[in-house]
Structure formats: structure tokens, C-alpha cells
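Letter by letter, the chains look like this.
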Amino acid sequence: MSSNTLISPASKCSNGLRIAIDGAQSTGKTTLFNHLRQQFADLATFIPEASRTVAERFGVHTMGDWPRLLADAQQLQRFFEAEESWQKTAESQSSTFIADSSLHLIQAYRQYFGAAARSDATKPRYDLILYCPATTGGVGDNFRFLQGRADIDRICRGILSRDHDGQLLELPVNLSRLSQAEHLVGDLLRLRGKDSRR
């Protein structure tokens, strides 16, 4: 993956545009998601991170609650299944969306924690993945644990290189990330809008 990857808008944009923001925990995905939502709320459906949405059902409200869930293999398997089910349902409800994380990333967490792979053999389809690389540190938010970020980053990159057929853009780690992603997503959404009016 390279931040110099050229994105060429595909003709399939007229059938919708499926975008996900991926990367290990605490890499700025939600910050980017919220920025894009402020800019393009009227042009796409915005799907929040499945993990945050599903976690409360499993007793996870803060970073301190994760160890209990992670220590229970059966409950963790159910968590991943619920997370994937929620994500698939949310993605099926709109042809044009921007998701704060993809099904590929959920698979990376499954692999990292030794949970069984998803039983659905269908590859998730995204037209574009905006990838936020893991750097040293990471910003805690009192919800996300920080351990394993480098390993999850490595696993996710492997899954994407094997299973992702769409475009992939690794974003810079500096503040130009927001403007670079905004420019690209804006161009693609406007192109999709023009194609759908033909």
C-alpha cells in the first residue's frame, strides 16, 4: 500500500459508492469519518463503527471492560458475529456509504484474537478503502485498548492485499490526511452524482 496510489474513478460509481475507513485501533479513523460526515452528509450514508455500536450489548462501555470480553473465547466469538451482522445490515441499506471500518478489519481482529474466521465465504466489496496506518503511540479515548496495534495493522494489510479488489489509498499520518481524503471522496461522490443523473 502506498500513499501515492492513484485512484481512478470507476464506471461502477453509477451503481453506488462503497467506501470504508480502515486501520488498527486509535489511528484516527473516527476523526476522519466525522470530518467526512461534516462535509458530505447529504451525499452519502455514514455508517458508524460497528464495534462501538455492538460493544454495549457485551458489557463493554470503557477501555477497562475489554479484558473480560477478550478473556472469554465463546463470548468474543459471539461479539464478532454480532459486529459482522450489524455491519452487513448497515451496508445493505445504502448503495452509497462511508463506513468507519470494514468487514475486512473485523476479520483482522478475529485473526489477532484467535477467533474462528467468518463462515460467510463471500468477500466484502468496497470500491475504496482509505487506510489509516498505525504509528507509534496511538491516542487513547477511554474506549479502545491500545495493545496489539502493530500486529493488527500487519494482519489487516495482509487481508486487504488478499481479499480487497477495489481501490486502496494509504493516507498520510499528518494533518494533510483530512484534506487529501476530503478531496478524493468529494470528487468520487460528485462523479457518482453526475453518472446517476445520466
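Please refer to the structure placed before this passage.
**Topic: the packing of aromatic side chains**
Here is step 1 of the chain: Here the structure, examined in full by the defined rule, presents six aromatic pairs.
Here is step 2 of the chain: For the ring pair Tyr112 and Phe113, a centre distance of 4.8 Å and an interplane angle of 85° mean the geometry is edge-to-face.
Here is step 3 of the chain: Site record: aromatic cluster; members linked through ring pairs are Phe58, Trp66, Phe79 and Phe80.

**Notes on helix 4 (residues 73–92)**
Here is step 1 of the chain: Compared with the 28 Å implied by 1.5 Å per residue over 20 residues, the 29 Å span of helix 4 between its first and last C-alpha is a close match.
Here is step 2 of the chain: If you check which residues of helix 4 are buried, you get Leu76, Gln77, Phe79, Phe80, Ala82, Glu83, Glu84, Gln87, Ala90 and Glu91.

**Examining helix 6 (residues 149–163)**
Here is step 1 of the chain: Between its terminal C-alpha atoms helix 6 stretches 21 Å, which fits the 21 Å expected from 15 residues at 1.5 Å a residue.
Here is step 2 of the chain: All buried positions along helix 6 are accounted for by Arg149, Ile152, Asp153, Ile155, Cys156, Ile159, Leu160 and Asp163.
Here is step 3 of the chain: Elements in contact with the buried residues of helix 6: strand 1 (17–22), helix 5 (103–112), strand 4 (128–131) and strand 5 (167–170).

**Notes on the pattern of salt bridges**
Between side chains of opposite charge, pairing is possible as soon as their charged atoms come close.
Here is step 1 of the chain: This model, assessed by the stated rule, comprises ten salt bridges.
Here is step 2 of the chain: Across the pair Arg162 and Asp163 runs a salt bridge, and its minimum N-O distance is 3.0 Å.
Here is step 3 of the chain: For Arg162, a relative accessible area of 52% corresponds to the exposed category.
Here is step 4 of the chain: Salt-bridge contacts for Asp187 lead to Arg190; the nearest nitrogen and oxygen are separated by 3.4 Å.

**Some points on empty space enclosed by the protein**
Here is step 1 of the chain: Applying the stated criterion to the full structure yields one cavity of 30 Å³ or more.
Here is step 2 of the chain: Approximately 140 Å³ is the volume attributed to the largest cavity.
Here is step 3 of the chain: Along the walls of the largest cavity sit 16 residues, with Ser51, Phe79, Glu83, Tyr109 and Arg144 positioned nearest its centre.
Here is step 4 of the chain: Of all the elements in the fold, those that place two or more residues in the lining of the largest cavity are helix 2 (50–55), helix 3 (66–70), helix 4 and helix 5.
Here is step 5 of the chain: Considered class by class, the residues forming the lining of the largest cavity number eleven nonpolar, two polar and three charged.

**Re the pairing of strand 3 (residues 96–100)**
Here is step 1 of the chain: Judged by how many residues are buried, strand 3 sits mostly within the fold: five of five residues are covered.
Here is step 2 of the chain: The two faces of strand 3 match: Thr96, Ile98 and Asp100 on one face and Phe97 and Ala99 on the other face are all buried.
Here is step 3 of the chain: The pairing of strand 2 (residues 45–47) with strand 3 spans three bridges and is parallel. Among the inter-strand pairings, Thr45 is bridged to a residue of strand 3, identified as Phe97.

**Structural notes on the nonpolar core**
Here is step 1 of the chain: With 33 residues, the main nonpolar core has Trp66, Leu69, Phe79 and Phe80 as its most contacted residues.
Here is step 2 of the chain: When contributions to this core are tallied by element, the ones reaching two or more residues are helix 2, helix 3, helix 4, strand 3, helix 5, strand 4 and helix 6.
Here is step 3 of the chain: The residues contacting Leu69, other than those within four sequence positions of it, are Phe58, Val60, Gln75, Leu76 and Phe79.
Here is step 4 of the chain: Formed by 20 residues, the second largest nonpolar core is a distinct cluster that contains Leu36, Leu130, Cys132 and Leu169.

About the cut-offs
- Residues numbered from 1 in each chain as written.
- Predicted model: local features only at pLDDT ≥ 70, side-chain atom pairs only at ≥ 80, totals over all residues.
- Heavy atoms only, no water.
- Phe/Tyr/Trp six-rings, centres within 6.5 Å; stacked < 30°, edge-to-face > 60°.
- Helix = DSSP H or I, 4+ residues; strand = E, 2+ residues; numbered from the N terminus.
- Expected span 1.5 Å × (residues − 1).
- Buried < 20%, exposed > 50% of the residue type's maximum accessible area, 1.4 Å probe, protein only.
- Contact = heavy atoms within 4.5 Å.
- Salt bridge = Lys/Arg side-chain N within 4 Å of Asp/Glu carboxyl O.
- 1 Å grid on protein atoms, 1.4 Å probe; cavity = no way out; pocket = protein on both sides within 12 Å on 5 of 7 lines; lining within 4 Å.
- Points joined across faces, edges and corners; volume = space filled by probe spheres on them.
- Nonpolar A, V, L, I, M, F, W, Y, C, P; charged D, E, K, R; others polar.
- Pairing = 2+ DSSP bridges.
- Core = buried A, V, L, I, M, F, W, Y, C linked by side-chain atoms within 4.5 Å.

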